[in-house]
Amino acid sequence: VESVTARFNDANSVAFSPDGQYIAAGVQSFNQNLNIWRVSDGSIVRERVTAHDNGTACVRFSPDGQTLATSGMDGFTKLWSVPDLTLIRSFPSGRRTFSVAFSPDGSLIVAGGQHGVSVWETATGNLVQWLQGGLTYVNSVSFSPDGRLIAAGFGYTDQYGQAIDASVKLWRTSDGALLRRMDASDTISVYGIAFSPDGQVIAAGGDGGHYQTYHGNLRFWRVRDGRLLKDITIPDPEQIGLTAVLSVAHSPNGSFFAYSRYDALVTVIGNPFASAGIAL
């Protein structure tokens, strides 16, 4: 396995192309914040591309691997050709955009950020719909494996340190109808979400607590009715937010689950809801 050496700090997001040929990384810097490497030998293909002003927050490859989507602090979602990173088109939201995802067939892009959640046609750049159900910070977005649902993780703190709309919401892709709100009680913010490969469970990671008492948390809900299957609290002995869960992922076969924390720890565990004794 070749080593890819990063020439920067504060990488916000990384992604493999579907065919495993490339790795892309978005960086938290004012400019020169998008890079792509060849996996086979670790060589840089394009580096220090200024994709967004003030940082590239998220990178995602299209299902066919021909296109890379990025979202940024400048309020744009952008499409780039792979591997040369030539700009194809931009999708303006007007406010900071933190997350982007392709639909399974690649025809749609969903973007989430301070503007809420927006859905765009990949081929034309036309706005399909602005999803209703909350305009607070959206930290993460995802399509279900069958493309029929769109999920978003919400939440931030106000000037008094109180959590605002910490939740996961589900919409129907076909008409944008809000189907369900799953409350993440005792959570300050939901940072990462992920559907299980079969689409029956959605996981969410975030941070919780109040009055300077913090902990990380993981929650797993059944998609069809929003029932909470598992709730895992991750203590933070230092009480400074080190165990906040920033990103979550299911393995392709659903046997394992991984999450990353603010303190740079990545943990892989077995299927966390298999022992819940609940039929999916």
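Residues numbered from 1 in each chain as written. Predicted model: local features only at pLDDT ≥ 70, side-chain atom pairs only at ≥ 80, totals over all residues. Heavy atoms only, no water.

Q: So what's going on with the packing of aromatic side chains? Which residues, and what values?
A: Here the structure, examined in full by the defined rule, presents five aromatic pairs. With centroids separated by 5.0 Å and ring planes inclined at 70°, the aromatic side chains of Phe 220 and Phe 257 adopt a geometry described as edge-to-face. Linking Phe 220 in strand 21 (residues 213-222) with Phe 257 in strand 24 (residues 256-261), this pair joins segments that are 37 residues apart in sequence. Note on Phe 220: relative accessible area 0%, which makes it buried. These aromatic residues form a ring-pair network of at least three members: Phe 91, Trp 120 and Trp 130. Against the face of Phe 76 rests Lys 78, its NZ or CZ located 5.7 Å from the ring centre. Above the ring of Phe 154, the side-chain terminus of Lys 169 is found at 3.7 Å from the ring centroid. (Phe/Tyr/Trp six-rings, centres within 6.5 Å; stacked < 30°, edge-to-face > 60°. Helix = DSSP H or I, 4+ residues; strand = E, 2+ residues; numbered from the N terminus. Buried < 20%, exposed > 50% of the residue type's maximum accessible area, 1.4 Å probe, protein only. Lys NZ or Arg CZ within 6 Å of the ring centre and 35° of its normal.)

Q: Help me get a handle on the sheet that holds strand 2 (residues 22-27), residues and values and all.
A: An order of 1-2-3-4 is seen for the four strands of this open sheet, with the pairing classed as antiparallel. If you trace the sheet from one side to the other, it starts and ends with strand 1 (11-16) and strand 4 (44-49), each paired once. Adjacent strand axes in the sheet meet at a mean angle of 15°, parallel and antiparallel pairs treated alike. Pairing between strand 1 and strand 2: five bridges, direction antiparallel. Looking across to strand 2, one finds that Ala 15 is bridged to Ala 24. (Pairing = 2+ DSSP bridges. Axes fitted to C-alpha atoms, helices over the stretch in contact; angles between N-to-C directions.)

Q: Residue-level account of unusual backbone geometry, with values.
A: Omega for the peptide link from Val 82 to Pro 83 comes to 10°, which places this bond in the cis form. Tracing the backbone shows Pro 83 in the loop between strand 7 (76-81) and strand 8 (87-92). Phi is positive for Arg 48, which is not a glycine, with a value near 55°. Mapped onto the elements of the fold, Arg 48 is located in strand 4.

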